Amino acid sequence: MSVISSWNLTISLNTTISLSWRSSLPSRAIFPRPKKPKTLVVLATALGAKPTVLVAEKLGDAGIQLLKTFANVDCSYNLSPEELCTKISLCDALIVRSGTKVTREVFESSMGRLKVVGRAGVGIDNVDISAATEHGCLVVNAPTANTIAAAEHGIALLTAVSRNIAQADASVKAGKWERNKYVGVSLVGKTLAVMGFGKVGSEVARRAKGLGMQVIAHDPYAPADRARAIGVELVSFEEALTTADFISLHMPLTPATSKMFNDEAFSRVKKGVRIINVARGGVIDEEALLRALDSGIVAQAALDVFTEEPPPQENKLVRHENVTVTPHLGASTTEAQEGVALEIAEAVVGALKGELAATAVNAPMVPAEVLLELSPYVALTEKLGRLAVQLVAGGSGVKFVKVTYASARGPDDLDTRLLRAMVTKGLIEPISSVFVNLVNADFIAKQRGLRLTEERIVLDGSPEKPLEFIQVRIANVESKFASAISNSGEITVEGRVKDGKPHLTKVGSFGVDVSLEGSIVLCRQSDQPGIIGKVGNILSEENVNVNFMSVGRIAPGKQAVMTIGLDEEPSRDALKKIGEITAVEEFVFLKL
Ligand SMILES: NC(=O)c1ccc[n+]([C@@H]2O[C@H](COP(=O)([O-])OP(=O)(O)OC[C@H]3O[C@@H](n4cnc5c(N)ncnc54)[C@H](O)[C@@H]3O)[C@@H](O)[C@H]2O)c1
Ligand SMILES: O=C(O)[C@H](O)COP(=O)(O)O
């Protein structure tokens, strides 16, 4: 096993890649847990001390117990932003609900230690995802366990506003009996516009159909057949606004949905519309809603979520007589909280263990079966990147890198994001102190001005293997081993997977064959007998074990490149002696 001192996205030859699967649906009382893996995302190799998980908001006990089987768990609730920043440098993972803002400062304060943020719920608008990505921190959420709870809360609010439940309750408790004041409106036959036809939206739609409502939905990204399957018509924003008697909001808070319900939108709704929001406060312009309520355009609103939570005391919406409010209770059922706690604990423990999370928010998801197939190529790409960059002569900046994937499979049949991330890791880590993983690879490449392009070569033959060979080329640079420059003028290394192990099969224009383990020496020599023996003697005198050796030559008696795989690192003296062998024209020592 290779020892890696930090939590690290590393797949090395010796590293076990383990796969995990997880539940995708919430309440076990309602849904069975799926049996098969869904998707896999990140590999983190964790060896050494027990990790520390900071749980910053109340989490169901089952989740805490699961976390404790693997980590030190620090449950510290109600931390101020400053206290969170102070604690975080001692934590490997952080678990929050919607009440904690995980800002850029949090990631900066963690000084690289924080590797996973678990959001025990769906909405990740309280986590600075860009900052997480830039810091190589994986963000996972629990996207399914509270779906039903949120949908049920939406329906509870829908029925509550239609019959003035909250207002009537307050009135009776105040000693009044106002039967005429609280005449409600019926739901049956009314049109409900579901805005955001995702998990919660579609469950709300399903239930509203059961109440006899006409349900339409607006969601630019939802598949029409999914809507059709439950008898819901997908409509434009305009149509939803102008035809609905009730509007229920279920989209995420994003730059595009922020204040989507503003003065302009309210100017187009049917007079007397009722609005329910169990999504996020920020999707409504609260000032505009207040104006629409005061003018009677909106008859009633039911709000579970607010732009600022908790809303300030003087918030006029909260105090408005036609507004029913709850304190962000959508996910707050016993069943949902148990499910969310387990879902997030499994995801966080999995990520810390080096398993792969199905619910990563800021990393590409690679299906389990694809990952299994690609794992030796993942190791190969990282090593090719490492070799290529070490061949660059000092002073030449690495800017242009091309990765070529040769395969007999169709161009769409290969997900290269993982491979690209690993080439980037291989290229950048040997020449910097930056830690590169699947989460931050593209960001770090961009930040360093590295332009990595990918090319596919479709070969004839059997598409059994995902890849035949992979080539990494660095353009516009000099090499400290001139033979590594191919005819195209680029440093070129090429590799293949043989018997499940990555092999270097080409350097520049020379065909070679060496298993990519330990470290290697590349030697160009004039092809003559006895050189292999001389090099072997020097290394054996040093007790350096040669694990692989190959010689690739242009033609007999001409130049050849000898590739020697080594288990141990030779001393400078030994390397000097190799360089002094008369026939050796150039050589380089490369660490993998
Ligand atoms: N109040 C609560 O306690 C509570 C509980 C659970 C979820 N939520 C919130 O409910 C919302 C929905 O959660 P979900 O699990 O269904 O998420 P989801 O990702 O399954 O569904 C969101 C849907 O919104 C759609 N969407 C995106 N942009 C849109 C736009 N501009 N217009 C219309 N639709 C758009 C997406 O295509 C997607 O189908 C989220 O904001 C989540 O944070 C709140
Ligand atoms: O996005 C969510 O999952 C809900 O808003 C629930 O948030 P909570 O975990 O703070 O209850």
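In this text, all values refer to a predicted model and were calculated from it rather than measured experimentally. (Residues numbered from 1 in each chain as written. Chains lettered and ligands numbered in written order. Predicted model: local features only at pLDDT ≥ 70, side-chain atom pairs only at ≥ 80, totals over all residues. Heavy atoms only, no water.)

K.L.:
Hey, could you go over the overall build of the protein for me, with residue numbers and the actual values?
P.N.:
For the protein, the count of helices and strands is 18 helices and 24 strands. Evaluated residue by residue, the protein yields a buried proportion of 54% over its 592 residues. For the protein, restricting intrachain contacts to residue pairs at least 6 apart in sequence, the fraction spanning at least 24 positions comes to 68%. With the model as given, the accessible surface of the protein reaches about 25800 Å², and the carbon-plus-sulfur share is 52%. (Helix = DSSP H or I, 4+ residues; strand = E, 2+ residues; numbered from the N terminus. Buried < 20%, exposed > 50% of the residue type's maximum accessible area, 1.4 Å probe, protein only. Contact = heavy atoms within 4.5 Å. Areas by Shrake-Rupley, 256 points an atom, 1.4 Å probe, with all protein chains shown as cover.)

K.L.:
Can you explain helix α2 (residues 81-88)? Please cite residues and give values.
P.N.:
Restricting attention to buried positions, one finds in α2 the residues Leu-84, Cys-85 and Ile-88. The buried residues of α2 all sit within an arc of 100° when viewed along its axis, so they share a single face. Along α2, the residues that are exposed and aim more than 90 degrees away from the buried face are Glu-82 and Thr-86. (Arc of directions from axis to C-beta.)

K.L.:
Describe the sheet that holds strand β2 (residues 52-55), naming the residues involved and giving the relevant values.
P.N.:
With respect to topology, five strands assemble into an open sheet ordered β3-β2-β4-β5-β6, the strand pairing being parallel. The open sheet has two free edges, formed respectively by β3 (72-75) and β6 (138-141), since each of these has just one partner strand. Direction aside, neighbouring strands of the sheet carry axes that sit 20° apart on average. In terms of strand pairing, strand β5 (residues 116-119) meets β6 through four bridges, oriented parallel. (Pairing = 2+ DSSP bridges. Axes fitted to C-alpha atoms, helices over the stretch in contact; angles between N-to-C directions.)

K.L.:
Would you mind going over helix α17 (residues 531-541) in detail, with residue names and values included?
P.N.:
Because each turn of an α-helix spans 3.6 residues, side chains separated by three or four positions in sequence point in the same direction. Among all positions in α17, only Ile-531, Val-535, Ile-538 and Leu-539 are buried. For α17, the angular spread of the buried residues around the axis is 95°, confining them to a single face. Elements in contact with the buried residues of α17: β21 (519-526), β22 (546-553), β23 (559-566), α18 (572-580) and β24 (584-591). Two residues or fewer past α17, Asn-543 is found with a positive phi of approximately 65°.

K.L.:
Quick rundown of the nonpolar core? Include the residues and the values.
P.N.:
One finds Leu-391, Val-401, Leu-427, Ile-474 and Leu-504 to be the most contacted residues of the largest nonpolar core, which totals 51 residues. Tallying contributions element by element places helix α14 (residues 368-390) first for this core, with nine residues. Core analysis: the next-biggest nonpolar cluster, separate from the first, contains 32 residues, Leu-241, Phe-266, Ile-284 and Val-323 among them. (Core = buried A, V, L, I, M, F, W, Y, C linked by side-chain atoms within 4.5 Å.)

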